[in-house]
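# Structural overview
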Amino acid sequence: MMGRTIVIDPGRCIGCQACVSACRECDSHRGKSMIHLDYLDQGGSVASSPTVCMHCEDPVAPCAQVCPAEAILVTPDGVVHDADKSRCIGCGNCVNACPMGVPKIDLAAKLQFKCNLCYDRTSYGLAPMCATVCPTGSIFYGTLEELRTERPGVEVASTFDFDGSIISTGVAMVVPRGRPVDEPLPGGAGEHARVTGSPQPAGHLEPSADNVLGDPL
């Protein structure tokens, strides 16, 4: 987990999409939102949760590892950047490699786009746009110590279990009280308990958005 990072608290998300709108205003991808708002049980619940790049640490950035053009940079601070547009060939390898379903291919531009932790802001000490506008604090940006000062007793996890494959990430998620913090959160296909602890159908943590961006926004 990165020292200063995003922490997602699904229990606070109200589905307002303020994060989605704010992301569209980022200078590096103005007009396109790199954050996905996923509805966890469509038709049965209004529960929603934002999905951002989790900035995988172990293994390091599967998306970057499979890029044949070496277009995806991982900086020493752990941030996994979106593809360098001068190198990206739009092959989609990163889309298939990402366990979280984060990268998207713009079919018109034939380029990859994804969340890069608003690096134009965070590298200067500013919070990402999504965290800045979130009205409930579902998207928190800061250190773990700052989070625990603001929300006493909160626990977070940054490891995920994809059918036996464990992934550690730079971004974390708040877990319910009483859940072992060293137990990886469930991800991917299979019958898993949701982060909140209630059973859900297979594949419920798979992102609901398509892995492509159609016409330029």
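Going along each chain's sequence as written, the residues are numbered from 1 onward. Two thresholds apply to this predicted model, a pLDDT of at least 70 for residue-level local features and 80 or more for giving and counting side-chain atom pairs, whereas whole-chain, interface and lining totals are computed over all residues. Values shown for side chains rest on all heavy atoms present in the structure; no hydrogens or waters enter the calculation.

## Things to note about the overall build of the protein chain
- Helix numbers and strand numbers start at the N terminus; a helix is a DSSP run of H or I with at least 4 residues, a strand a run of E with at least 2. Scanning the protein chain for helices and strands turns up six helices and eleven strands.
- Think of it in three bands: with a 1.4 Å probe and only protein chains considered, a residue is buried below 20% of the maximum accessible area for its type, exposed above 50%, and partly exposed in between. Relative to its 217 residues, the protein chain shows a buried fraction of 51%.
- Sequence separation of 24 or more characterises 58% of the internal contacts of the protein chain that already satisfy a separation of 6 or more.
- Element-wise, carbon and sulfur atoms account for 54% of the exposed surface of the protein chain, whose accessible area totals about 10200 Å². Contact criterion: two residues are considered in contact whenever any of their non-hydrogen atoms come within 4.5 Å of each other. The Shrake-Rupley method, run with a 1.4 Å probe sphere, supplies the accessible areas, and residue values consider only the shown protein chains as cover.

## Observations regarding the state of the cysteines
- Two cysteine sulfurs form a disulfide in these notes if their separation is within 2.5 Å. All chains considered together, the criterion is met by zero disulfides.
- The structure places no disulfide on Cys16, whose sulfur is separated from the nearest cysteine sulfur, that of Cys134, by 6.3 Å.
- Judged by relative accessible area, which is 44%, Cys16 ranks as partly exposed.

## Some thoughts on unusual backbone geometry
- Following Asp58, the chain continues into Pro59 via a peptide bond in cis, with omega recorded as 0 degrees.
- Note that Pro59 resides in the loop between strand E4 (56-58) and helix H2 (62-65).
- For Gln17, which is not glycine, the phi torsion reads 70 degrees and is therefore positive.
- Within the secondary structure, Gln17 is located in the loop between strand E1 (5-8) and helix H1 (18-23).

## A look at the pairing of strand E8 (residues 155-162)
- Only strands that DSSP links by at least two bridges are regarded as paired with each other. Judged from the seven bridges that link them, E8 and strand E9 (residues 165-175) form a sheet pairing that is antiparallel. Paired with Glu155 across the two strands is Val175, which belongs to E9.
- The loop that links E8 with its antiparallel partner E9 comprises two residues; one of these, Asp163, has a positive phi angle of about 50 degrees.
- Pairing geometry for E8 and strand E10 (residues 185-187), over three bridges, is parallel. Bridged to Phe162 within E10 is Gly187.

## Some words on the environment of Pro184
- Within the element layout of this structure, Pro184 appears in the loop between E9 and E10.
- Look at Pro184 and you get partly exposed, because its relative accessible area is 26%.
- Between the alpha carbons of Pro184 and Phe160 there is a distance of 4.6 Å; along the sequence they are 24 residues apart.

## A few points about the pattern of salt bridges
- One side-chain nitrogen of Lys or Arg within 4 Å of one carboxyl oxygen of Asp or Glu is enough to make a salt bridge. One pass over the structure, following the stated rule, counts nine salt bridges.
- In this structure, Arg30 engages Glu25 in a salt bridge whose closest nitrogen and oxygen atoms are separated by 3.0 Å.
- Owing to a relative accessible area of 43%, Glu25 belongs among the partly exposed residues under this scheme.
- Residue Arg30 is joined to Asp27 by a salt bridge in which the shortest nitrogen-to-oxygen separation is 2.4 Å.
- Three or more residues joined by partner-sharing salt bridges are found here, namely Asp9, Arg12, Glu150 and Arg151.

## Focus on the nonpolar core
- Nonpolar cores are built from buried Ala, Val, Leu, Ile, Met, Phe, Trp, Tyr and Cys residues. Side-chain atoms within 4.5 Å join them into one set. Of all hydrophobic cores here, the largest spans 48 residues; its most connected members are Ile6, Ile35, Val52, Ile72, Met100, Ile139 and Phe160.
- With four residues, E9 is the largest single contributor of residues to this core.
- Counting eight residues, the second largest nonpolar core, distinct from the first, contains Val7, Leu144, Val156 and Val174.

## Let's talk about the packing of aromatic side chains
- Two rings from Phe, Tyr or Trp (for Trp, the six-membered ring) form a pair when their centres are within 6.5 Å of each other. A pair whose planes differ by under 30 degrees is stacked, one over 60 is edge-to-face, and the rest are tilted. Inspection of the entire model under this criterion finds zero aromatic pairs.
- Note that Lys32 overlies the ring of Phe113, its terminal NZ or CZ placed 5.2 Å from the centroid.
- The rule for a charge over a ring is simple: NZ of Lys or CZ of Arg within 6 Å of the ring centre, and within 35 degrees of the ring normal. The ring of Phe113 is capped by Lys85, whose NZ or CZ atom sits 4.5 Å from the centre of that ring.

## Notes on the side chain of Asp38
- Of note, Asp38 is situated in strand E2 (residues 36-39).
- Put simply, Asp38 is tucked away with no salt bridge, and the nearest opposite charge, on Lys104, sits 7.3 Å away.
- Of the polar contacts made by the side chain of Asp38, one reaches the side chain of Thr51; its length is 2.4 Å. Only four residue types enter the charge count, namely Lys and Arg as positive and Asp and Glu as negative; His and the chain termini do not. Polar contacts here mean pairs of N or O atoms no more than 3.5 Å apart (in protein, one a potential hydrogen donor and the other a potential acceptor; neighbouring residues in sequence count only if both atoms are side-chain atoms).

## A few points about the confidence of the model for the protein chain
- The pLDDT averaged across the protein chain works out to 85; a share of 86% of its residues lies at or above 70.
- For every residue, the predictor assigns a confidence score, pLDDT, that lies between 0 and 100. Between the elements of the protein chain, mean pLDDT differs from a low of 58, seen in strand E11 (residues 212-213), to a high of 98, seen in strand E7 (residues 139-142).
- Note on residues 189-210: pLDDT is under 50 here. Beyond four places in sequence and across chains, it has 43 contacts.

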